[in-house]
Amino acid sequence: MNIEDIKKPENLVYSKTPLLTDAVMHYCPGCSHGVVHKLVAEVIEEMGIQDKTVGISPVGCSVFAYNYIDIDWQQAAHGRAPALATAVKRLNPEKYVFTYQGDGDLCSIGTAEIIHACARGENILVIFINNGIYGMTGGQMAPTTLLGMKTSTTPYGRDAKLNGFPMVIAPMIAELDGTAYITRQSVHTAAAARKAKAAIRKGLEYSVKGVGLSFVEIVATCNSGWKLSPVEANRWMVENMFPKYPIGDIKDVLKDK
Amino acid sequence: MAFKGAIDIDKEKCKGCAVCVANCPTASIQLSKMVNNKGYHYAEMVGEGCIGCSSCAIVCPDSVISVYRIKI
Ligand SMILES: Cc1ncc(C[n+]2csc(CCOP(=O)(O)OP(=O)(O)O)c2C)c(N)n1
Ligand code: SF4
Ligand code: SF4
């Protein structure tokens with residue numbers, strides 16, 4: 001059978017979910033944000049909760065997430081997404097409420113908001129994109145930047161004496177009784193993306209069970225900020241980010257229940 | 001059971017990041033020599049080896065790939 005004969009509607013096995021709008025994403029070629037957006041959209045479509053989901057977009061490259069996923073959104077001041085999500089969820093307890101935040105947004109200016117939302121046990125999902133850098137503003141050091149990693153503000157590499165040590169937030173919040181599910185995933189291969197999608201789904205499901213806050217960290221790339229090609233950035237992430245931010249579940253209060 | 005596949009690529013939306021190329025198990029996708037209207041070398045299917053596994057489409061940040069699959 002020739003290729004054109006295979007391309008029939010009845011043979012279609014994968015295509016863009018209708019929950020992603022037709023807007024062309026403003027992200028750099030190969031940026032992890034686009035893959036994570038797609039996974040979020042697919043989960044919401046599969047769960048049939050398009051009109052029951054509210055996203056909170058951050059300040060950072062993903063500020064325009066509301067242009068791409070066709071659900072209700074609010075856009076928070078820098079780092080304040082967990083505070084805004086708290087209000088949205090408490091006023092609309094039946095809704096699925098999630099924040100989508102970068103590491104500059106969540107681990108730097110927004111550290112207080114995320115830690116207190118976790119301590120309060122807000123029933124929301126936090127999707128945390130850890131690319132180890134401030135992408136939007138031109139690749140400055142973030143709290144999550146690895147030691148030795150070059151950024152525009154650490155041109156000779158991050159030095160612990162001068163710049164302190166990387167912030168590893170997931171195990172910190174795992175200590176708090178208000179968190180229900182904490183996991184680290186990635187989206188650089190199809191297998192990894194499938195696992196990340198299952199984690200996002202679990203986090204959204206937990207958010208209406210009243211068990212506390214779910215936190216899905218995606219160890220990601222910012223190939224523009226890292227000054228690598230998208231494929232090289234994925235390789236660099238596996239070699240350098242994964243040892244510091246290992247993939248896998250950190251906490252799951254409903255496991256085996 | 002074996003599968004044969006085919007992909008469609010929205011070439012004007014493709015940004016030529018090549019993440020799909022690195023993820024294809026059968027080397028059935030590559031960047032074209034031509035560029036699209038934005039100047040990107042877009043992804044294109046090559047040869048007859050595609051098995052319709054969807055790996056390329058799943059990792060595509062811009063969701064420009066559709067996948068078709070038949071049993072043979
Ligand atoms: C109050 C305030 N301080 C600083 C900034 C500048 N700023 C914009 S985005 C950003 C950090 C973005 O990094 P991250 O959250 O990691 O997201 P990415 O762009 O990497 O996805 C900063 C510091 C701002 N917009 N507002
Ligand atoms: S600057 Fe980095 S995080 Fe922002 S869109 Fe480009 S690759 Fe993605
Ligand atoms: S569907 Fe699978 S085999 Fe076919 S081009 Fe995509 S990655 Fe390669």
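Everything numeric in this text was worked out from a predicted model, so none of it was measured.

Asks: Mind showing me how you'd approach the overall build of chain B here?
Replies: Summing up its helical and strand segments, chain B has 2 helices and 4 strands in all. Here chain B has a C-alpha radius of gyration of 12 Å; the compact-globule value for 72 residues is 11 Å, and the two agree. If one aligns the C-alpha atoms of chain B with their principal axes, the spans along those axes are about 40 × 20 × 20 Å. By the burial criterion, 51% of the 72 residues in chain B qualify as buried. Contacts in chain B between residues at least 24 apart in sequence constitute 61% of all its contacts with a sequence separation of at least 6. Positive and negative side-chain charges in chain B, numbering 8 and 6 respectively, have mean positions lying 4 Å apart.

Asks: Can you walk me through the sheet that holds strand 4 (residues 65-71) of chain B in this structure?
Replies: Pairing between sheet strands relies on hydrogen bonds along the backbone, with the strands arranged either parallel or antiparallel. Read across the open sheet, the 3 strands follow the order 1(A)-4(B)-1(B); overall the sheet is antiparallel. With partners counted over all chains shown, the strands left at the sheet margins are strand 1 (12-14) of chain A together with strand 1 (3-9) of chain B, one partner each. Put simply, the sheet's adjacent strands are angled 35° from each other on average, direction ignored. Examined bridge by bridge, strand 1 of chain A and strand 4 of chain B share 2 bridges and lie antiparallel to one another. Among the inter-strand pairings, L12 of chain A is bridged to a residue of strand 4 of chain B, identified as Y68 of chain B.

Asks: Got a minute to help me understand unusual backbone geometry in this structure?
Replies: With the exception of glycine, the majority of residues adopt a negative phi angle, and the majority of peptide bonds are in the trans configuration. A positive phi angle, near 60°, is found at K227 of chain A, a position not held by glycine. Mapping K227 of chain A onto the fold places it in the loop between helix 9 (223-226) and helix 10 (230-244). For A18 of chain B, which is not glycine, the phi dihedral falls at a positive 75°. Mapped onto the fold, A18 of chain B is located in the loop between strand 1 and helix 1 (19-23).

Asks: Whenever I open this one, the packing of helix 2 (residues 32-47) of chain A against helix 8 (residues 190-206) of chain A confuses me. Can you help?
Replies: How two helices pack is summed up by the angle between their axes together with the distance between the axes. Residues and elements named next belong to chain A. Between helix 2 and helix 8, the least distance of the axes is 9 Å, while the angle of their chain directions is 55°. Overall, the two elements helix 2 and helix 8 adopt an arrangement that is oblique. Here helix 2 and helix 8 pass one another in a crossing that is right-handed. Seen from helix 2, the contacting residues are V36, L39, V40, E42, V43, I44, E46 and M47; seen from helix 8, they are A193, A196, K197, I200, R201, L204 and E205.

Asks: Can you walk me through the confidence of the model for chain B in this structure?
Replies: Low pLDDT means the predicted coordinates in that region are not meant to be read closely. Residues at a pLDDT of 70 or more form 100% of chain B, whose mean pLDDT is 97. The ipTM value of the predicted complex is 0.97, and its pTM value is 0.97.

Asks: Whenever I open this one, the nonpolar core confuses me. Can you help?
Replies: Most often, soluble globular proteins have nonpolar side chains that are buried together. The biggest cluster of nonpolar side chains holds 58 residues, and the ones touching the most others in it are V36, F98, I127, I200 and L204 of chain A together with I29 and I65 of chain B. For this core, the element with the highest residue contribution is helix 2 of chain A, accounting for 8 residues. With near-sequence residues (within four places) excluded, F98 of chain A lies in contact with V40, I44, T53, V54, G55, I56, I71, W73, L125, I127 and L204 of chain A. Grouped together as the second largest cluster of nonpolar side chains are 22 residues, A76, V88, A170 and I173 of chain A included.

Asks: Explain the site of ligand 1 to me, please; I cannot follow it from the model alone.
Replies: All names here are of chain A. Near ligand 1 lie 16 residues; those nearest to it are H33, D103, G104, D105 and G135. Residue H33 places a side-chain N or O atom 2.8 Å away from an oxygen atom belonging to ligand 1. At 2.8 Å, a backbone N or O of G104 approaches an oxygen atom of ligand 1. When ligand 1 is considered free in solution it has 600 Å² of accessible area, and contact with the protein chains removes 73% of it. For the shell around ligand 1, the secondary structure elements donating two or more residues are helix 4 (103-109) and strand 6 (133-134).

About the criteria used
- Residues numbered from 1 in each chain as written.
- Chains lettered and ligands numbered in written order.
- Predicted model: local features only at pLDDT ≥ 70, side-chain atom pairs only at ≥ 80, totals over all residues.
- Heavy atoms only, no water.
- Helix = DSSP H or I, 4+ residues; strand = E, 2+ residues; numbered from the N terminus.
- Rg over C-alpha atoms; globule rule 2.2 N^0.38 Å.
- Buried < 20%, exposed > 50% of the residue type's maximum accessible area, 1.4 Å probe, protein only.
- Contact = heavy atoms within 4.5 Å.
- Lys, Arg positive; Asp, Glu negative; His and termini not counted.
- Charge placed at Lys NZ, Arg CZ, Asp CG, Glu CD.
- Pairing = 2+ DSSP bridges.
- Axes fitted to C-alpha atoms, helices over the stretch in contact; angles between N-to-C directions.
- Parallel < 35°, antiparallel > 145°, perpendicular 65-115°, else oblique.
- Left-handed = near helix turned anticlockwise from the far one by under 90°.
- pLDDT = per-residue confidence, 0-100.
- Core = buried A, V, L, I, M, F, W, Y, C linked by side-chain atoms within 4.5 Å.
- Near = heavy atom within 4 Å.
- Polar contact = N/O pair within 3.5 Å; in protein donor to acceptor, adjacent residues only side chain to side chain.
- Areas by Shrake-Rupley, 256 points an atom, 1.4 Å probe, with all protein chains shown as cover.

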